[in-house]
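Each chain is listed here by its residues.
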Amino acid sequence: MSDSNPWGWYSDPDVLGLERERIFRSAWHYVCHAGRVGPPSSYFACDSGGLPTLVVRDQEGELRAFLNVCRHRGAVIATGEGRRETLQCPYHAWTYGLDGALRAAPRSDLEPCFERDELGLVPVAVDTWGPFVFVNPDRDAEPLAAALGDLPDVVAEHGLDLGALRFHGRYPYELRANWKIAVENYLECYHCAVNHPGFVDAVDERALRLEVGATRLSQLAPVHPRAVASLEPYDVRGALDTSQFHLLLPATKLNVCPGRPNLSIGPVWPVAPDRCAGYLDYFFAPGTDAAWISEFTVWDDRVGAEDVALVEGVQRGIESGALEDGRLLECSEALIAAFGRYVRARVEPGL
């Protein structure tokens, strides 16, 4: 089986330009939990597929989203989060309402033809799934529900109630690797036995099930019996006896691990041909013991650190130009093959 993308695509700036335009700017991306923009007049500055974005809750309680780019000279308008009645660009003090309309532009009264009504913030699509807020740079995108497909049902069928979780923290990261390498590493556990001894102690990789859905690529596996017996590498007893690792295409990861109710979700996006960035937001059930969360986090952090070394090593090998492509294994790497087809279908027409 050879569904591997050409390795030149992992360092080519022209290919990255096509991916940004044809993949990321027409896809739904997780950006935050709803509590970040809970009360009216609140805002949250974030990144949606590499584009600076503002999510706001206006004075009437409506959830909105805009490009976080001033219509004057292109400066980023807001950072962080908070509550404000208006949003003011720090460069020249152009001021916008939470409905996106331009409210004030110093000295614009001196201009004979100043189209104030045409210079509001550029809106983007925004929607929610339970406590999760998603943004799509394409304001005419298909509804979020269509992009999610059967993912909400699959998550619920395996025992997780999203409404019963509470936000715990955000953990950002950057990798010296192309975004596709980061995604492809996520989509297979062929490397786990060799590189993640703690992971395969907790998750029974031998019973891993791969699923190619219309909008998702998923890996599901039961808790490992030896972890139940030993309570190592963390206490896996709890309501969840099956792990879930879903990629919502193109690049939002959703992870559920065995044990007490838990979930992490977050996107990855390209920064440069050889760099990508992302974050994971972690959620746990209310009242979850702090010692358990700490033990779980140590385990999870270790797996993440092991993956950093792997994907950055792949980037160095691929961009050397020594070989044109690779060879995927049909059974173990079926999700990478499906992801490769997804990317090619969008990039090749533009080449």
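For the structure, see preceding data.
These numbers come from a predicted model, not from an experiment.

Conventions and cut-offs
- Residues numbered from 1 in each chain as written.
- Predicted model: local features only at pLDDT ≥ 70, side-chain atom pairs only at ≥ 80, totals over all residues.
- Heavy atoms only, no water.
- Pairing = 2+ DSSP bridges.
- Helix = DSSP H or I, 4+ residues; strand = E, 2+ residues; numbered from the N terminus.
- Axes fitted to C-alpha atoms, helices over the stretch in contact; angles between N-to-C directions.
- 1 Å grid on protein atoms, 1.4 Å probe; cavity = no way out; pocket = protein on both sides within 12 Å on 5 of 7 lines; lining within 4 Å.
- Points joined across faces, edges and corners; volume = space filled by probe spheres on them.
- Nonpolar A, V, L, I, M, F, W, Y, C, P; charged D, E, K, R; others polar.
- Buried < 20%, exposed > 50% of the residue type's maximum accessible area, 1.4 Å probe, protein only.
- Contact = heavy atoms within 4.5 Å.
- Phe/Tyr/Trp six-rings, centres within 6.5 Å; stacked < 30°, edge-to-face > 60°.
- Lys NZ or Arg CZ within 6 Å of the ring centre and 35° of its normal.

Caption draft 1: The sheet that holds strand β16 (residues 262–272), seen in detail. The strand order β11-β17-β16-β15-β14-β13-β12 describes an open sheet built from seven strands, whose pairing is antiparallel. Looking at which strands have only one partner, the edges of the open sheet turn out to be β11 (166–175) and β12 (209–212). Along the sheet, successive strands turn relative to each other by an average axial angle of 15°, direction set aside.

Caption draft 2: Representation of the layout of surface pockets within the structure. What the largest pocket holds in volume is close to 790 Å³. Every residue lining the largest pocket is counted, 31 residues in all, and those nearest its centre are Leu280, Asp300, Val303, Gly304 and Asp307. Among the secondary structure elements, those contributing two or more residues to the lining of the largest pocket are β11, α4 (179–186), β15 (252–256), β17 (275–284) and α8 (290–318). Of the residues in the lining of the largest pocket, the class split is 19 nonpolar, seven polar and five charged. Of the voids in this model, the second largest pocket is the one considered here, and its volume is about 430 Å³. Lining the second largest pocket are 21 residues; nearest its centre among them are Glu184, Glu188, Val314, Glu333 and Ile336. Elements with a contribution of two residues or more to the lining of the second largest pocket: α4, α8 and α9 (334–347). At four residues, the largest contribution of residues to the lining of the second largest pocket is made by α8. Within the lining of the second largest pocket, the residues separate by chemical class into nine nonpolar, seven polar and five charged.

Caption draft 3: Summary view of the environment of Leu121. Structurally, Leu121 is set in the loop between β8 (102–104) and β9 (125–129). Leu121 gets classed as buried once you look at its relative accessible area, which sits at 6%. On a C-alpha basis, the gap between Leu121 and Tyr96 in space is 7.4 Å, while along the polypeptide they are 25 residues apart. Each residue touching Leu121, except ones within four places of it in the same chain, is listed here: Phe66, Leu67, Val69, Ile77, Tyr96 and Gly100.

Caption draft 4: Representation of the packing of aromatic side chains. Tallied over the entire structure, the rule returns 19 aromatic pairs. On the numbers, 5.8 Å between centres and 50° between planes, the contact of Phe199 with Phe245 is tilted. Note that Phe199 is positioned in helix α6 (residues 197–202) and Phe245 in strand β14 (residues 242–248), a separation of 46 residues in sequence. Since its relative accessible area comes to 10%, Phe199 is described here as buried. One aromatic cluster is present, built from ring pairs that chain together Phe199, Tyr234, Phe245, Phe284, Trp292, Phe296 and Trp299. Here Arg170 stacks its cationic end above the ring of Tyr279, 3.7 Å away from the centre of that ring. The ring of Tyr10 carries the charged tip of Lys180 above its face, separated from the ring centre by 4.6 Å.

Caption draft 5: Representation of the sheet that holds strand β4 (residues 63–67). Pairing in this open sheet of four strands is antiparallel, and the strands run β4-β3-β2-β5 from one edge to the other. The open sheet has two edge strands, β4 and β5 (81–83), and neither has a second partner. Averaged over all pairs of adjacent strands, the angle between their axes in this sheet comes to 25°, without regard to strand direction. Of the strand pairs in this sheet, strand β2 (residues 42–48) and strand β3 (residues 51–57) are connected by seven bridges, and their pairing is antiparallel.

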